[in-house]
Amino acid sequence: MRVLSVKNYDELSKAAARYMAAQLTLKPDSVIGLATGSTPVGMYKELIRMNQSGEIDFSEVISVNLDEYKGLAGDHPQSYRYFMNDNLFKHVNIFADNTFLPDGQIEDDLQACQDYDDVIDCVGPIDMQLLGIGHNGHIGFNEPADAFTTGTQCITLDERTRQANARFFDGDMSQVPAKAYTMGIGSIMKAKKILLVVTGAEKAEILDKALNGPVTPSVPASILQLHPDVMVIADEAALGI
Ligand code: PGA
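Quantities reported herein were computed from a predicted structural model and do not represent experimental measurements.

## Focus on the pairing of strand β10 (residues 230-235)
Looking along a regular strand, one sees the side chains alternate between the two faces of the sheet. By the criterion of burial, β10 is predominantly enclosed, with six of the six residues buried. Burial along β10 is two-sided: the face carrying Val-230, Val-232 and Ala-234 and the face carrying Met-231, Ile-233 and Asp-235 are both buried. Here five bridges tie strand β1 (residues 2-6) to β10, and the two strands are oriented parallel to one another. If you follow Arg-2 over to β10, its bridge partner there is Met-231. In terms of strand pairing, strand β9 (residues 193-198) meets β10 through five bridges, oriented parallel. Each residue of the ladder has a partner; that of Leu-195, found in β10, is Met-231. Crossover handedness for the path β9 to helix α7 (residues 204-212) to β10: right-handed.

## Quick look at the packing of aromatic side chains
Following the criterion strictly, the structure yields four aromatic pairs and no others. Their ring planes at 45 degrees and their centres at 5.7 Å tell us that Tyr-69 and Phe-141 sit as a pair that is tilted. Highlighted residues: Tyr-69 in strand β4 (residues 67-69) and Phe-141 in the loop between β6 (128-131) and β7 (153-156), separated in sequence by 72 residues. Overall, Tyr-69 belongs to the buried group, its relative accessible area being 1%. A ring pair is formed by Tyr-80 and Phe-141, whose centres lie 5.9 Å apart and whose planes are at 20 degrees; its orientation type is stacked. On the criterion of sequence distance, the pair formed by Tyr-80 in helix α3 (residues 80-87) and Phe-141 in the loop between β6 and β7 is long-range, its members being 61 residues apart. The class of Phe-141 is buried, set by a relative accessible area of 2%. Counting every residue linked through ring pairs, the aromatic cluster contains Tyr-69, Tyr-80, Phe-141 and Phe-169.

## Topic: the pattern of salt bridges
With the rule as written, the count across this model stands at 13 salt bridges. A salt bridge links Asp-127 to Lys-192; its shortest N-O distance comes to 3.2 Å. Of this pair, Asp-127 sits in the loop between α4 (109-123) and β6 while Lys-192 is found in the loop between α6 (185-189) and β9, placing the two residues 65 residues apart along the sequence. Overlapping salt bridges bring together Lys-27, Asp-29, Asp-127 and Lys-192 as one network.

Reading guide: rules and limits
- Residues numbered from 1 in each chain as written.
- Predicted model: local features only at pLDDT ≥ 70, side-chain atom pairs only at ≥ 80, totals over all residues.
- Heavy atoms only, no water.
- Buried < 20%, exposed > 50% of the residue type's maximum accessible area, 1.4 Å probe, protein only.
- Helix = DSSP H or I, 4+ residues; strand = E, 2+ residues; numbered from the N terminus.
- Pairing = 2+ DSSP bridges.
- Right-handed = clockwise from strand over helix to strand, strands pointing away.
- Phe/Tyr/Trp six-rings, centres within 6.5 Å; stacked < 30°, edge-to-face > 60°.
- Salt bridge = Lys/Arg side-chain N within 4 Å of Asp/Glu carboxyl O.

Written out as structure tokens, the structure reads:
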């Protein structure tokens, strides 16, 4: 595992975009695993700039996202499909048909999970998986648990995650869906490379546990210690510097 320390969020966004841009330059038909949340937004802005200035090309890229709220349609402003369209896809030359997220509208959990595992099997292996980390150590929506997940799961979101995400629902917890579909940790670990981006002092304690603590499903991100090719890009606040 390599850890790149950068000064602040702006530098983090640029460094993470450069890292992904290098991947797309080396392998233009990369399969990239993408993430939502606040942390990657600056990186996505930088990737958009690089695409629009001709530095990188998404025309052969396939993307698979980590997760989606159960019950939200893709045109719901808080769905992760909407987020990805808004923050990246509609601004770059990626083909919409090459972008995949779990389908939040499938009612039957087993069906939704099987469908997404089929997508991952079909387009994979993932060349580079982008991750953020939740305050509880989650990756994707894989919340702290008694065991690491393998394939796609229907997860009951924990209270802390719903509180953190209420900011996107006008601060109204009751609007935050109770469940989500998430790529499993087994699938994340099969990615050839992993890029973890972390910002802010409020993530310092959990990042330290993930990087330096015991590998345990009660801190899902700690499993990354066992992956052979992880790059962590974190700002000084997140690294407690
Ligand atoms: P954040 O979310 O980037 O909005 O902090 C990260 C996560 O919950 O995985």
